[in-house]
Amino acid sequence: MSKQHYFFKLIPPRPDFPQTIKEHEQALMDEHGAYFQRQFEAGKLLLFGPVLAPDGAFGVGILEVGDEAEARRFGENDPSVRAGMNRFEIYPMRVSGARALSA
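Now for a look at the structure at hand. (Residues numbered from 1 in each chain as written. Predicted model: local features only at pLDDT ≥ 70, side-chain atom pairs only at ≥ 80, totals over all residues. Heavy atoms only, no water.)

A few words now on the packing of aromatic side chains. Evaluated as defined, the whole model comprises nine aromatic pairs. Chaining the aromatic ring pairs together yields one cluster made of F8, Y35, F36, F40, F48, F74 and F88. Lying over the aromatic face of F58, K9 brings its terminal NZ or CZ to 4.5 Å of the ring centre. (Phe/Tyr/Trp six-rings, centres within 6.5 Å; stacked < 30°, edge-to-face > 60°. Lys NZ or Arg CZ within 6 Å of the ring centre and 35° of its normal.)

Here's what the structure looks like:
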């Protein structure tokens, strides 16, 4: 079965989330980070990280999974989403090229 790619957008609860994060929210974001790291190590993420957009930060990941259902499960299993703090959107995409991160 060939892998498909999805653009994953993690949407925080408010635009100024990084500046106003509360202690319990930080704990959830720590769990989120550990979850993404495990998924990266398992080969389901090509890249991930925060986007520091002027109108509000959000998270991004490029998923490499079997199908859209697996991409949705990926998002639904994020601890910050399960807790109701963040939400997500996914969009199919075609990866035309990729390169390893330079050291």
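There's more to say after this.
What follows deals with helix α2 (residues 23–41). The end-to-end C-alpha distance of α2 is 27 Å, a good match for the 27 Å that 19 residues give at a rise of 1.5 Å each. Inspection of α2 places E25, L28, M29, H32, Y35, F36 and Q39 among the buried residues, and these make up the whole buried set. Looking straight down α2, one finds its buried side chains confined to an arc of 115 degrees; they lie on one side. Looking at α2, the residues exposed on the side facing more than 90 degrees away from the buried face are E23 and E41. Contact partners of the buried residues in α2: β1 (4–11), α1 (17–20), β2 (45–51), α3 (68–76) and α4 (79–82). (Helix = DSSP H or I, 4+ residues; strand = E, 2+ residues; numbered from the N terminus. Expected span 1.5 Å × (residues − 1). Buried < 20%, exposed > 50% of the residue type's maximum accessible area, 1.4 Å probe, protein only. Arc of directions from axis to C-beta. Contact = heavy atoms within 4.5 Å.)

Okay, α3 next. Owing to its 3.6 residues per turn, the α-helix brings residues three or four apart onto one side. Within the sequence span of α3, burial applies to E70, A71, F74 and G75. Projected onto a plane normal to the axis of α3, the buried residues spread over an arc of 140 degrees and lie on a single side. Considering only its buried residues, α3 is in contact with β1, α2, β2, β3 (58–65), α4 and β4 (87–93). The opening residue of α3, the one whose side-chain oxygen lies 3.3 Å from the backbone nitrogen of A69, is D67. (Polar contact = N/O pair within 3.5 Å; in protein donor to acceptor, adjacent residues only side chain to side chain.)

This brings us to the sheet that holds β2. Reading across the sheet, the four strands line up as β2-β3-β1-β4 and stay open at both edges, with antiparallel pairing between neighbours. Looking at which strands have only one partner, the edges of the open sheet turn out to be β2 and β4. Going from strand to strand, the sheet's axes swing by 20 degrees on average, the running direction of each strand aside. As defined by bridge partners, β1 adjoins β3 across seven bridges and the pair is classed as antiparallel. Following the sheet pairing, H5 is matched in β3 by E64. Along the sheet face, α3 touches β1, β2, β3 and β4 and points at about 155 degrees away from the line of β4. (Pairing = 2+ DSSP bridges. Axes fitted to C-alpha atoms, helices over the stretch in contact; angles between N-to-C directions.)

Just distances and angles here, no functional claims.
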